[in-house]
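Tertiary structure, described
Here are the chains, one letter per residue:
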Amino acid sequence: MTTPMLEMRDVPPRAVHALEQAGVHPLLARLFAARGVSSPQELDDGLNRLLPPASLHGSAEAARLLADMIDAGKHICVVADYDCDGATACAVALRGLRMLGAAPQAVCYVVPDRAVHGYGLSPTIVDLALPLRPDLLVTVDNGIASMAGVAHARALGMAVLVTDHHLPAVEDGQVQLPAADVIVNPSQPGCAFESKSLAGVGVMFYVLLALRAELRARGRFDQATQPRLDALLDLVALGTVADVVKLDANNRRLVAQGLKRIRAGRMQPGVQALFTAAGRDPQRASAFDFGFALGPRVNAAGRLADMTLGIECLLTDDPARARDLAQKLDAINRERREVEAGMREQAEHLLAQLAPEGKEVDAPAAVALYDPDFHEGVVGIVAGRLKERLNRPTFVFARGQDGLLKGSGRSIPGFHLRDALDLVSKRAPGLLVKFGGHAMAAGCTLAEADFPRFAALLVAVAQEQLDAAALQRRLPVDGSLPPQYFDAPTVMALEEQVWGQAFDAPLFCDEVEVIAQRLVGERHTKLRLKLHGVLRDAIWFNHVDPLPATARLAYRVALETWQGQQRLQMVVQAQA
C-alpha cells in the first residue's frame, strides 16, 4: 500500500466550545467539530428530527398511488436489486406495505440475477414479474435509468413507481427520466429534499412514511393507532451503512435509531440471525458491524448465488428459518472471500506488468484490469481493495455470460468516475455498450476486444484530471489521544457513535516507542508500544514489514475480548 500523507483535521474551536457547553464529552466534541458538526442540535438523533417526507419530491404522489392500489386490492410487485441496499429496501417495502394494510398475498417481489439479467428494471425483469400478475411495479434501489424496462411494463398495462437514489441518465447534457407513473429519488431534478445521500432503503422508508400519512388522511387510523414504522429501522440502518452512502445528519439519525433498536433486542429475526452467524454481539451493535459483518454476508448472496436468500432472511418471522438462511449466507460469504483472495493474487501479477519496477507510485494514473478467470460478482470488491492500496481510480472486469466484459470501478477524491466514463464514450463512440454510476463508483460493459482501448482511454482521462498531489494518498487524522481518555468507558462511548462514509471513525496519531514486534498468523504484526510513557498492546493487520525503534503511527482504539477478559488495544492503520 502506498505510504499515506497524514493530515491533521481542522478543529474549529467555537464548535468545540458550543458542543462542550451542551454537555458533550470533550473528546467527542473535538471529534464531532472536526467532522463539521457545529451545534448540539445536529447530534439530536430523535425521530422527530428526521427531514419531513413532504419535502421528498414525488412522495405524496407515490403515497396516493400505493393507497389506491391497497384500497382496490391490487397486486404490487417490488423489483429489488442484488446488493444489501436493494435487499433491505425490498424487505422494508414488503414488510411496510403489509403493515399499512396490503393483503399479504397481494404483495410479492422479483430480484435480478447479476449474471443473467444485469442491473435494474430491464424488459426481461418485467417479463419475469409478468406471471405474478402485478398491477403495479415498485422499483427499490434501481429504476431511475430504466427507460426501456419502464416503457415495456407500461405497454403491458402495469403502473410503475420508481424509488431510487442513483443519478439519472444524462444524454447530450440533458437529464433523461423514465416514463414512470411516479418517481421518488432525491437526486432527480426539482427535488428539494436536503439529504441527497439517502440510500435506496432510506427512499423506500420515506415513501412508507408518506403512505402512512395518506392513509391517516383517509381515516384508516389516527396518530394513536397507526402502525409503528420505526420497527423497520434496523433494516434501514443496515442498508444505509452497507451501501456506503454519505452519513449526513439525516442518515446518521436513521442509523442511530436502528442501532438503538438492535441494542435493545428489537430487530427482525433475520438481523438477529446475521449477528449470530457473524459472531457479533447485538447488544454492542455498531455501524462497523453493518459495514463489515452483516452487510458482506447479505451482499455475498447477490455476488455468488441468488439474492433471494438474503431477502428471505430479512423477510422471515421464523427464527429457525432465519438462522438457517443466515448460516447459508455465512457459507457463501466464506466462498466469496476465497474467490476474492484468488482474484487479488492474480491482480497483483497484472499490476506488476503495469509497474515493472515494483513501485506502486509508478502505476499509471488509472488502472484497468481483466483476466478471463475473474468472477463477475466480486469485481467491485477487488476494485475497491486495489483503489485503496494504489490510490488510483481502478476498474476490474470479468467476462459475463453474454461474452461481454462487465467492469466495476472505484475512484478517489477529485475524479468523478461516471463523468470519466462519459468522456471515454464521447472520445470513442460505441466503445461502451452501457455505463452508469456516480462519482466514486461506476460500472460499464464493453466487448473483450475493446478492453485495451478502454484501459488506454481511461488512463488518458485520468492523466488530464489528476496531478501528482491528487495521486498522493492522504489520511485525515485526529491528532493525539490524550492519556486520560485511553480507557474502556471512552472507547465504548466512541463505539456507540455512528461513524461511516464522510463521517469517519476516529483515527488518532502519536509518536510511539516500539518495544517488541512479532508476526502472528503470517500476515499481521503484533506490537508492544510505549505511548505517553505507558506500555500498550497493538496490532497491525495485513502488515509484515518491521517497524523502526520509534515511529509515528495512525491508529484507532478498540476493546478486545479474549477468554472472557476485555483489554484495550491500538489497531494501527498507517505509519507516517
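All values reported here derive from a predicted model rather than from experimental measurement. (Residues numbered from 1 in each chain as written. Predicted model: local features only at pLDDT ≥ 70, side-chain atom pairs only at ≥ 80, totals over all residues. Heavy atoms only, no water.)

**Considerations on the overall build of the protein**
Formally: What counts as a helix is a DSSP run of H or I of at least four residues, what counts as a strand is a run of E of at least two, and both are numbered from the N terminus. Partly exposed describes any residue whose relative accessible area lies between the buried limit of under 20% and the exposed limit of over 50%, with all areas from a 1.4 Å probe on protein chains only and scaled to the type maximum. In this description, contact between two residues means that some pair of their heavy atoms is separated by no more than 4.5 Å. Computed with a 1.4 Å probe, the accessible areas rest on the Shrake-Rupley method; for each residue, only the protein chains presented here act as cover.
Within the protein one finds 18 helices and 19 strands. Dimensions of the protein, computed from the C-alpha atoms along their principal axes, are close to 75 × 60 × 45 Å. When each of the 576 residues of the protein is scored for burial, the buried share is 54%. Restricting to contacts in the protein with at least 6 residues of sequence separation, those with at least 24 account for 66%. Of the accessible surface of the protein, which amounts to about 24,500 Å², a share of 51% is contributed by carbon and sulfur atoms.

**Quick notes on helix α17 (residues 451-465)**
Just so we agree on the cut-off: Here the expected span of a helix is defined as 1.5 Å times the quantity of residues minus one.
Between its first and last C-alpha atoms α17 spans 21 Å; for 15 residues at 1.5 Å apiece the expected length is 21 Å, and the two agree. Every buried residue belonging to α17 is among F451, F454, A455, L457, L458, V459, V461 and A462, and all of these are buried. Each element contacted by the buried residues of α17 is listed here: β9 (367-370), β10 (394-399), β11 (405-410), α16 (417-427), β12 (432-437) and β13 (441-446).

**Section: the side chain of T525**
Using the following cut-off: Identification of polar contacts relies on pairs of N or O atoms within 3.5 Å, with a donor-acceptor requirement for protein atoms, meaning one able to donate a hydrogen and the other able to accept it, and with residues adjacent in sequence counted only if both atoms are side-chain atoms.
Along the polypeptide, T525 turns up in strand β16 (residues 524-531). A residue is classified by how much of its surface remains accessible, and T525, at 3% relative accessible area, is buried. Engagement of the side chain of T525 in a polar contact is seen with the backbone oxygen of H543, the distance being 2.5 Å.

**Focus: the packing of aromatic side chains**
In plain terms, the rule: Working definition: rings of Phe, Tyr and Trp (its six-membered ring) pair if their centres are within 6.5 Å, and the pair is stacked with planes under 30 degrees apart, edge-to-face with planes over 60 apart, and tilted otherwise. Consider the ring centre and the ring normal. A charge sits over the ring if Lys NZ or Arg CZ is within 6 Å of that centre and within 35 degrees of that normal.
One pass over the full model with this rule turns up eleven aromatic pairs. Centroid distance F397 to F451: 5.5 Å. Interplanar angle 75°. Geometry classified as edge-to-face. Linking F397 in strand β10 with F451 in helix α17, this pair joins segments that are 54 residues apart in sequence. As far as burial versus exposure is concerned, F397 and F451 are alike and both buried. Measuring from centroid to centroid gives 5.7 Å for W499 and F503, while their planes differ by 20°, and the two rings are stacked. F503 matches W499 in its accessibility class, with the two residues each being buried. An aromatic cluster is defined as three or more aromatic residues linked by ring pairs; in this entry it consists of Y370, F395, F397, F451 and F454. In this structure, R252 is placed above the aromatic ring of F503, and the distance from its NZ or CZ to the ring centre is 4.0 Å. The ring of F486 carries the charged tip of R536 above its face, separated from the ring centre by 3.8 Å.

**Considering the sheet that holds β12**
Applicable threshold: Strand pairing requires that DSSP identify at least two bridges connecting the strands. Think of each axis as a best-fit line through the C-alpha atoms, taken over the contacting stretch in the case of a helix, with angles from 0 to 180 degrees between the N-to-C directions.
One open sheet accounts for five strands, arranged β9-β10-β11-β13-β12; its pairing is mixed. A strand with exactly one partner marks an edge of an open sheet, and here the two such strands are β9 and β12. Across this sheet, the average inter-strand angle for adjacent strands is 15°, counted without regard to direction. Pairing of β11 with β13, which is carried by six bridges, proceeds in the antiparallel orientation. Bridging from a neighbouring strand, G407 pairs with C444 of β13. Strands β9, β10, β11, β12 and β13 of the sheet are contacted by α17, whose axis makes an angle of about 165° with β9.

**Looking at the environment of A237**
Relative to the elements of secondary structure, A237 occurs in helix α9 (residues 233-242). Discounting chain neighbours no more than four positions away, the residues touching A237 are L254, V255, G258 and F290.

**A short note on the nonpolar core**
Where we set the bar: Among buried residues, the Ala, Val, Leu, Ile, Met, Phe, Trp, Tyr and Cys ones that are joined through side-chain atoms within 4.5 Å form a nonpolar core.
Of all hydrophobic cores here, the largest spans 125 residues; its most connected members are L211 and F290. Contacts of L211, omitting those with residues within four sequence positions, involve A63, L66, A67, I70, L97 and L100. Judged by nonpolar contacts, the second largest core, of 28 residues, contains F395, L417, L446 and L458.

**Observations regarding the sheet that holds strand β8 (residues 182-184)**
Hydrogen bonding along the main chain pairs the strands of a sheet, whether they run parallel or antiparallel. Taking strand neighbours across the sheet as the criterion, the five strands line up as β3-β2-β4-β5-β8 in an open arrangement whose pairing is parallel. The open sheet has two free edges, formed respectively by β3 (107-110) and β8, since each of these has just one partner strand. Along the sheet, successive strands turn relative to each other by an average axial angle of 20°, direction set aside. By the bridge criterion, four bridges tie strand β2 (residues 76-79) to strand β4 (residues 136-140) in an arrangement that is parallel. By the bridge assignment, V79 is partnered in β4 with T139. Packed onto the sheet, helix α4 (residues 84-99) meets β2, β3 and β4 and runs at close to 170° relative to β3.

**Things to note about the state of the cysteines**
Rules: Two cysteine sulfurs form what is called a disulfide whenever their separation falls within 2.5 Å.
Per the counting criterion, the structure on display carries zero disulfides. Take C108: it sits in no disulfide, and the sulfur closest to it among the cysteines is that of C77, at 3.8 Å. When its relative accessible area of 22% is taken as the criterion, C108 is described as partly exposed.

**Thoughts on α9**
The buried fraction of α9 is high, at ten of ten residues. Every buried residue of α9 is accounted for by L233, D234, L235, V236, A237, L238, G239, T240, V241 and A242. Those residues of α9 that are buried are in contact with α4, α8 (200-217), α10 (249-263), α11 (269-278), α12 (287-304) and α13 (308-315). Among the residues trailing α9, V244 stands out with phi positive, at a value near 55°.

**Some points on the side chain of S286**
As for its position among the elements, S286 is in the loop between α11 and α12. If we skip the residues at most four places from it in the chain, S286 touches L259, R263 and E495.

**Some thoughts on the environment of Y119**
The residue Y119 is located in the loop between α5 (114-117) and α6 (123-129) in this model. Excluding its chain neighbours within four sequence positions, the residues that come into contact with Y119 are D81, Y82, D141, N142, D164 and H166. At a separation of 3.0 Å, a polar atom in the side chain of Y119 contacts the main-chain carbonyl oxygen of D141. Looking at Y119, its side chain comes within polar contact range of the side chain of H166, at 3.2 Å.

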